[in-house]
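# Results of the structural survey
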Amino acid sequence: MPDERLYERIYATVRQIPAGKVATYGQVAHLAGLPGRARQIGYALFRVAPGSEIPWQRVVNARGEISESPHRLGNDDYQRTLLVAEGVIFNQQGQIDLAVYRWQPASAPPSAESE
DNA sequence: AAGTTGACTATTT
DNA sequence: AAAATAGCCAACT
């Protein structure tokens, strides 16, 4: 596994997503140091999801919606249930309001906190 | 080894 | 607006 450490970076990023928040593949990719490689995020999660401590459930697509997959653990509704259990609210369209639930990494230094 | 696929995203038709 | 096309790159066949 040549880029195993890159995957580690992806996993690490996903792990840092707090409960009740979500992140898009592109966002995770960028934070993981893989700009433009959103597909790899999904692929990475695909292989690590089962038996993993990684909150893959908090990773959604750019629309704030859950991406389906024929290989899911069982059904696509499972992920939605997990997110709802964390306090994430879905719209009638089955989408998440990214304007509210998008995870914002604490990259701001503790010297100029304003919140 | 070469070709296809994919838990994506953005652009163009 | 929905569907098709293009760009992306690692994994799979």
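Residues numbered from 1 in each chain as written. Chains lettered and ligands numbered in written order. Predicted model: local features only at pLDDT ≥ 70, side-chain atom pairs only at ≥ 80, totals over all residues. Heavy atoms only, no water.

## Thoughts on the nonpolar core
- One finds Ile 10, Val 14, Ile 17, Val 28, Ile 41, Leu 45 and Val 59 to be the most contacted residues of the largest nonpolar core, which totals 19 residues.
- Considering each element in turn, this core owes the most residues, 4 residues, to helix α3 (residues 38-48).
- In this structure Val 14 touches Val 28, Leu 45, Ile 54, Pro 55, Trp 56 and Val 59, once residues within four positions along its chain are discounted.
- The next biggest cluster of nonpolar side chains, apart from the first, holds 9 residues, and it includes Val 22, Ile 66, Val 88 and Leu 98. (Core = buried A, V, L, I, M, F, W, Y, C linked by side-chain atoms within 4.5 Å. Buried < 20%, exposed > 50% of the residue type's maximum accessible area, 1.4 Å probe, protein only. Helix = DSSP H or I, 4+ residues; strand = E, 2+ residues; numbered from the N terminus. Contact = heavy atoms within 4.5 Å.)

## Structural notes on the confidence of the model for chain A
- Looking at chain A as a whole, its pLDDT mean stands at 85, while 83% of the residues score no less than 70.
- Confidence, read as mean pLDDT per element, is least for helix α1 (residues 4-15) in chain A (88) and greatest for strand β1 (residues 23-24) (95). (pLDDT = per-residue confidence, 0-100.)

## Thoughts on the packing of aromatic side chains
- In total, this model carries 3 aromatic pairs according to the counting rule given.
- Taking 6.0 Å as the distance between ring centres and 75 degrees as the angle between the ring planes, the aromatic pair formed by Tyr 7 and Tyr 11 counts as edge-to-face. Of the two residues, Tyr 7 and Tyr 11 both sit in helix α1, 4 residues apart, roughly one turn of that helix.
- Judged by relative accessible area, Tyr 7 falls into the partly exposed class, the value being 23%.
- Sitting above the plane of the Phe 90 ring, Arg 80 keeps its charged end 5.8 Å from the centroid. (Phe/Tyr/Trp six-rings, centres within 6.5 Å; stacked < 30°, edge-to-face > 60°. Lys NZ or Arg CZ within 6 Å of the ring centre and 35° of its normal.)

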